[in-house]
Amino acid sequence: MTKERLDILKSKLQGYITETDDITGTPGFYIDKEKIIEACKILKEDPDLNFNSLVDAVSVDRFRKKERFEMIYNIISIESNERVFVKIRLESKNPEMQSLSQVWKSADWYEREAYDMMGINFLNHPDLRRMYMPENYEYHPLRKDFPLMGIPGSIPLPNK
Amino acid sequence: MSHTIHEDLQKKDSKIKKTKILQALEKLESEDLSYSFTDALNNEMVLNMGPQHPATHGVLRLLISLDGETVVNCVPELGYLHRGYEKLAESSTYHEFIPHTDRLDYLSPMANNVGYALAVEKLIGLEIPERGKYIRVLIAELARIQSHLLAIGALVMDIGAVTPFLWAIREREKILDMYDIICGARFTTSYTRIGGVAQDVPDEALAGIKVFIDDFISNLNDIRNIVERNKIFIERCEGIGHLSKEDSIELGLTGPLLRACGVERDIRVAEPYLVYDKLDFRIPVYPDGDCLARYYVRAEELVESVKIIQQCLEKIPKGPHNALQSKKVLPKKERVYTKMEELIHDFMIINFGVNPPKAESYSAIEASKGELGFYFISDGSGHPYRLKIRSPSFSNLQALAPMMKNCMISDTVVIIGSVDPVMGEADK
């Protein structure tokens, strides 16, 4: 993304961006979780920006006292061939945010995966179920306090 | 219907004595059974397809609700091949994770190796020599041919033609034999290293690839002729599993599926990596968005891959294949055994890892299924703090439900075949 385009993007999202970041050459910004839906609607629907495809969502466990969890959305604009990362900080106890599937349909499964692996709760999600683990599983395996070997007995094995 | 018979009979002759049938009907009504003939046709049935089903190409499970033979809704269930690779990555060094990448998209392991190595190199800030780049392009394109051949063969076999599948597998075997010469393994290659590749490509392999490529176009045309002129194949693919251009973008599709919906996006051109900007090739795009378009995109990508490989074989320079950064790149084994300096570096890299700076990075390649990306979060230690694998099969599978809506039950296998999911990658 050129510097001029980045300035346009920043001016369009003025008031939403709390902090800018650099993902080794790709721009990223932190957006307040209360205003995330409005900001993402601008990103997607503004004709100058037109970030029309959400290709991935990364959930992170920073493992600290305050704002432990983080969601990173990987958004591309197919017409102008640009990529941005939108980051949202979430609180440690009860991490929850508005689901971005209200803006991009593809967020559905990415958020289900984050819910399953990291235990992040998405509000207004159309179908918030576990993606990989069984539905009655109690833990969130990608959290840093989950042991690598797993928890013995947490998945019932079939009878012989 | 039962009710009307009852009424008609009563109207006809109310004085008639209750026959046995009427008594039975009355009894049925008094028990308040809602059964009737029209209900039987409206009955919605839920069909459980997979995880052990030959047409799901792995352990994909689909819950399909049917109205007669029409699919009303489809819910894919994933996770039967979930091995927790993202968790495993957090406790293994950057080098240790390379063999795991083979098992992501196990139909094109070389492309995964290349994608992973490029992502780590971007995080470290390492540039590899020209020869290494050409070798990587070469093997990544071989991987694309390998994967697309199976995709086409399996799609056609799902429709009922076995011959093209066997011909495709025959060609695929030749690529696996080349891998055997290049890296000593046919399937789980683990060929790339951070800062280069495990060993240089021998001239024997380059000559073998040239022989294979020279024959390949005519062999591919044999397959294409038998498939594309087949009326059954065309009628079973044309207009099936349709997806509009807007939907395909909205659903985050990448790779051949997106290009079959008329969107021209290929990461090899959009965000060029390695030496793709120096090579001349075309991106096949079809606007139809159905199964036939997906077949054509793959078939033409095979031709383009052949063009890329031919150019690589011509242009590949002599010289080192690994970057000269002794603290990040593993030294040659024979030097480790004889030289003190190399022994120390080998010990440090194996035991403590390559220690990239404290940063985050995302790097994606155009794998055979679409955008294969690796998002790294590094805390400066030898193993990644978090690795997120953006696997193309996972997001492509999300389009399965919209594609299957209102199609016939027999078309589901065609649609799955045209999506070409690999569960090793989708389930991670």
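Moving on to the nonpolar core. Core analysis: the biggest nonpolar cluster contains 158 residues, and A:Met71, A:Tyr73, B:Ile139, B:Ile365 and B:Ile415 have the highest contact counts within it. In terms of residue count, the dominant contributor to this core is helix 7 (residues 130-159) of chain B (18 residues). If sequence neighbours within four positions are ignored, A:Met71 has contacts with A:Ala57, A:Ser59, A:Ile88, A:Leu90, A:Met97, A:Ala114 and A:Ile120.

Counting residues at the interface gives 32 residues for chain B, matched by 24 residues for chain A. Every element with two or more residues in the side of chain B that touches chain A is listed here: helix 4 (85-89), helix 6 (109-124), helix 11 (245-250), strand 6 (360-366), strand 7 (371-377), strand 8 (386-390) and helix 17 (392-397) of chain B. Among the elements that make up the side of chain B that touches chain A, the one with the highest residue count is strand 7 of chain B (4 residues). Its residues placed into classes, the side of chain B that touches chain A shows 11 nonpolar, 10 polar and 11 charged.

Every α-helix carries 3.6 residues per turn, so stepping three or four residues along brings you back to the same face. The buried fraction of helix 19 (residues 412-419) of chain B amounts to 8 of the 8 residues, a majority that puts the element mostly inside the structure. Those residues of helix 19 of chain B that fall on the buried side of the exposure criterion are B:Thr412, B:Val413, B:Val414, B:Ile415, B:Ile416, B:Gly417, B:Ser418 and B:Val419.

All names here are of chain B. One way to put it is that helix 14 (residues 291-315) packs onto helix 19 with a least axis distance of 9 Å and a crossing angle of 30°. Between helix 14 and helix 19, the crossing angle belongs to the class labelled roughly parallel. In this structure, helix 14 crosses over helix 19, and the sense of that crossing is left-handed. In this structure, helix 14 uses Cys291, Arg294 and Tyr295 to contact helix 19, whose residues at the interface are Val414, Ile415 and Ser418. For the contact of helix 14 with helix 19, a count of residues per class yields 4 nonpolar, 1 polar and 1 charged.

Once that is clear, we can look at the sheet that holds strand 2 (residues 26-31) of chain A. All names here are of chain A. Pairing is mixed across the open sheet formed by 5 strands, whose spatial order is 1-2-5-4-3. The open sheet is flanked by strand 1 (17-23) and strand 3 (53-61), the only strands paired with a single partner. Adjacent strand axes in the sheet meet at a mean angle of 25° when their direction is disregarded. In the sheet, strand 2 pairs with strand 5 (residues 82-90) via 3 bridges, with the strands oriented parallel. In the sheet register, tyrosine 30 faces strand 5, and the bridge partner there is lysine 87. Lying over the sheet, helix 3 (residues 107-118) contacts strand 3 and strand 4 (69-77), oriented at roughly 10° with respect to strand 3.

In this section: the pairing of strand 3 of chain A. For a regular strand, side chains alternate in direction, first toward one face of the sheet and then toward the other. All names here are of chain A. In terms of residue burial, strand 3 counts as a mostly covered element, since 9 of its 9 residues are buried. Bridge analysis of strand 3 against strand 4 gives 8 bridges, and the strand direction is antiparallel. Looking across to strand 4, one finds that aspartate 56 is bridged to asparagine 74.

Quick look at unusual backbone geometry now. With a phi angle near 55°, A:Phe63 is a residue other than glycine that sits in the positive phi range. Here A:Phe63 is to be found in the loop between strand 3 and strand 4. Positive phi is not limited to glycine here, since B:Asn406 has a value of about 65°. Topologically, B:Asn406 is positioned in the loop between helix 18 (400-404) and helix 19. Taking the C-beta count within 10 Å as the criterion, B:Asn406 has 11 such neighbours and is therefore assigned exposed.

All names here are of chain B. In space, the 3 strands of this open sheet follow the order 6-7-8, with antiparallel pairing throughout. For this open sheet the edge positions go to strand 6 and strand 8, each flanked by a neighbour on one side alone. Within this sheet the neighbouring strands show an average axis-to-axis angle of 10°, counted without direction. As paired strands, strand 7 and strand 8 are joined by 5 bridges and run antiparallel to one another. Within strand 8, the residue paired with glycine 373 across the bridge is arginine 390. On the sheet, helix 6 packs against strand 6 and strand 7 and is oriented at approximately 150° with respect to strand 6.

What counts, and at which threshold
As a convention, each chain's residues are numbered from 1 in the sequence order in which they are written. Here every chain gets a letter starting at A, and every ligand a number starting at 1, in the order they are written. Two thresholds apply to this predicted model, a pLDDT of at least 70 for residue-level local features and 80 or more for giving and counting side-chain atom pairs, whereas whole-chain, interface and lining totals are computed over all residues. Each nonpolar core consists of buried Ala, Val, Leu, Ile, Met, Phe, Trp, Tyr and Cys residues. Their C-beta atoms, within 7 Å, join them into a set. The exposure label follows from counting other C-beta atoms within 10 Å of a residue's C-beta, where the C-beta atoms are placed from the backbone and the thresholds are 20 or more for buried and 12 or fewer for exposed, leaving partly exposed in between. The helix count covers DSSP runs of H or I at least four residues long, the strand count covers runs of E at least two residues long, and both are numbered beginning at the N terminus. Here the contact rule is simple: place C-beta atoms from the backbone, and any two residues whose C-beta atoms are within 7 Å are in contact. Each residue gets one label: Ala, Val, Leu, Ile, Met, Phe, Trp, Tyr, Cys and Pro are nonpolar, Asp, Glu, Lys and Arg are charged, and the others, such as Gly, are polar. Axes, fitted as lines to C-alpha atoms, cover a helix only where it is in contact. Angles between the N-to-C directions of the axes lie from 0 to 180 degrees. In what follows, roughly perpendicular refers to angles from 65 to 115 degrees, roughly parallel to angles under 35, roughly antiparallel to angles over 145, and oblique to any angle outside these ranges. Handedness of a helix crossing follows the sense of rotation of the near helix relative to the far helix, less than a right angle counterclockwise being left-handed and clockwise being right-handed. We call two strands paired when DSSP finds no fewer than two bridges between them.

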